[in-house]
Amino acid sequence: MKQMLTFGRYCKRRFGQRVRKVPIALAGFTCPNIDGSVAKGGCIFCKNESFSPTLEHEPKAPLKINPRMSENPLLPMQLKQLHSQYEWQSDFHKNKFGVGKYMIYFQSFTNTYAPFSTLKTLYTEALKLPNVVGMSIGTRTDSVSLEILDLLASLQEEKGQEIWVEYGIQSVYDETLRFINRGHTTEGMEYWINETKKRGLKVCSHIIYGLPNETKEMMLHSLKQVIDWGSDGIKVHPLYIIEKTILASLHEKGEYTPITLVDYIDLIVQSLKIIPQNVVIHRVSAGVRNDTLIAPKWCFDKNIQMRSIRDALREAGIEY
Ligand code: SF4
């Protein structure tokens, strides 16, 4: 049996106990692919509110922030949200599952797309929260800078906690990135992964299976490429269609067909045969448990998805 290094297993070895990622969604954050800096409208599948249920409970921000602002009037509110979201989620995991340590996960939108002083304050504050062993920051390879990576490296050294940078790679095919209106190409991906790793930070690369016009071979090639670039961790998920997105219109017109569960499971089995045992697998499933999900319907229930994936992996001699 090939045993994979799941995020859970990795944390038990690294921190000696179970660790949960606590997703944080701060009002006012956006993405250069949404606010018009690199493109308008965002990725054709993006409806970030659906990806971040925590945001639903927060008041709407009166403005969106970006790195060019000299001041961020939302910072006090964002700090409050960081504290309250951490508090209720860590309490929940402690009471329900007995988990005692946490990793802050800045998940929604692009979490390096803000004035530098805002990032410094939020990251520093996050690492000070009780029982926090580290932090993970979701971003794009066109939205980091050497200054931000240096800040993260110095925080990691100073606080002795672990910092991951999670890059949304999605595909290593420029034609796919163009089609999904990603707002950047593959240029610079390897460079930013290298610069991140050079500073002792960990890199998790996100890949999507089921992107328009991609074959299984292309999807597996994207995976192999991010492994070759030295990713310490991988997150794979299926592309699903959320209402009121461009992808939903394409689907309605019959111009996009989502990946089937059978194909997705087959790809995951093939992927886990390729992924080395020292690469941390952060996730191989995804879903939206609300009625904004249009298709595929199997993405509604992550537990059913994971059960089918685990069964198929066991049959293939892989312990996940
Ligand atoms: S990079 Fe992320 S937040 Fe930005 S448009 Fe694409 S999916 Fe949405």
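Provided above is the structure to which this section pertains.
This text gives an overview of the structure that appears in the document. (Residues numbered from 1 in each chain as written. Predicted model: local features only at pLDDT ≥ 70, side-chain atom pairs only at ≥ 80, totals over all residues. Heavy atoms only, no water.)

A look at the overall build of the protein chain
Note the cut-off: Working definition: helices are DSSP H or I runs of at least four residues, strands are E runs of at least two. Numbering for both runs from the N terminus. For the radius of gyration, the atom set is restricted to C-alpha positions; the globular benchmark scales as 2.2 Å times the number of residues to the power 0.38. Contacts are residue-level and defined by heavy atoms, with any inter-residue pair within 4.5 Å sufficient. Only the protein chains shown count as cover for residues, with accessible areas throughout obtained via the Shrake-Rupley method and a probe of 1.4 Å. Neither His nor the chain termini are counted; the positive set is Lys and Arg, and the negative set is Asp and Glu. Every charge is mapped to an atom, namely NZ of Lys, CZ of Arg, CG of Asp or CD of Glu.
Looking only at helices and strands, the protein chain has twelve helices and eleven strands in total. Taken against the 2.2 N^0.38 rule, which gives 20 Å for 320 residues, the C-alpha radius of gyration of the protein chain at 19 Å falls within 12% of a compact globule. Projected onto its principal axes, the C-alpha coordinates of the protein chain cover approximately 45 × 45 × 40 Å. Of the contacts formed within the protein chain by residues at least 6 apart in sequence, a portion of 79% connects residues at least 24 apart. Accessible surface, the protein chain as shown: approximately 14,100 Å² in total, 50% of it carbon and sulfur. The centroid of the 40 positive side-chain charges in the protein chain is displaced by 6 Å from the centroid of its 34 negative side-chain charges.

Side note on helix H5 (residues 116-128)
Our working rule: By definition here, a helix of n residues has an expected span of 1.5 Å times n minus one. Between buried and exposed lies partly exposed: a residue is buried under 20% and exposed over 50% of the maximum accessible area for its type, with that area taken using a 1.4 Å probe on protein chains only.
Taking 1.5 Å of rise per residue, the 13 residues of H5 would be expected to cover 18 Å, and the 19 Å separating its terminal C-alpha atoms lies within 8% of that figure. Every buried residue of H5 is listed here: Thr118, Leu119, Leu122, Tyr123, Thr124, Ala126 and Leu127. Among the structural elements, helix H4 (75-97), strand E3 (101-106), strand E4 (132-139), helix H6 (146-159) and strand E5 (162-170) are those in contact with the buried residues of H5.

Topic: the pairing of E3
Counted only if it meets this: Here the rule is simple: two strands pair whenever DSSP picks up at least two bridges between them. Look down the strands so they point away from you; if going from the first strand over the helix to the second traces a clockwise path, that crossover is right-handed.
Burial within E3 is extensive, with five of its six residues counted as buried. Across six bridges, strand E2 (residues 19-24) lies against E3 in parallel orientation. Looking at E3, one finds that Val19 is bridged to Lys101. Bridging between E3 and E4 involves five bridges; their strand directions are parallel. Its bridge partner being in E4, Tyr105 is matched across the sheet by Ser136. Note that the unit made of E3, H5 and E4 has a crossover that is right-handed.

Focus on the nonpolar core
Inclusion rule: For our purposes a nonpolar core is just a set of buried Ala, Val, Leu, Ile, Met, Phe, Trp, Tyr and Cys residues, chained together by side-chain atoms within 4.5 Å.
With 93 residues, the main nonpolar core has Ile104, Phe106, Met135, Tyr209 and Leu272 as its most contacted residues. Core analysis: the next-biggest nonpolar cluster, separate from the first, contains eleven residues, Phe7, Phe15, Val133 and Trp164 among them.

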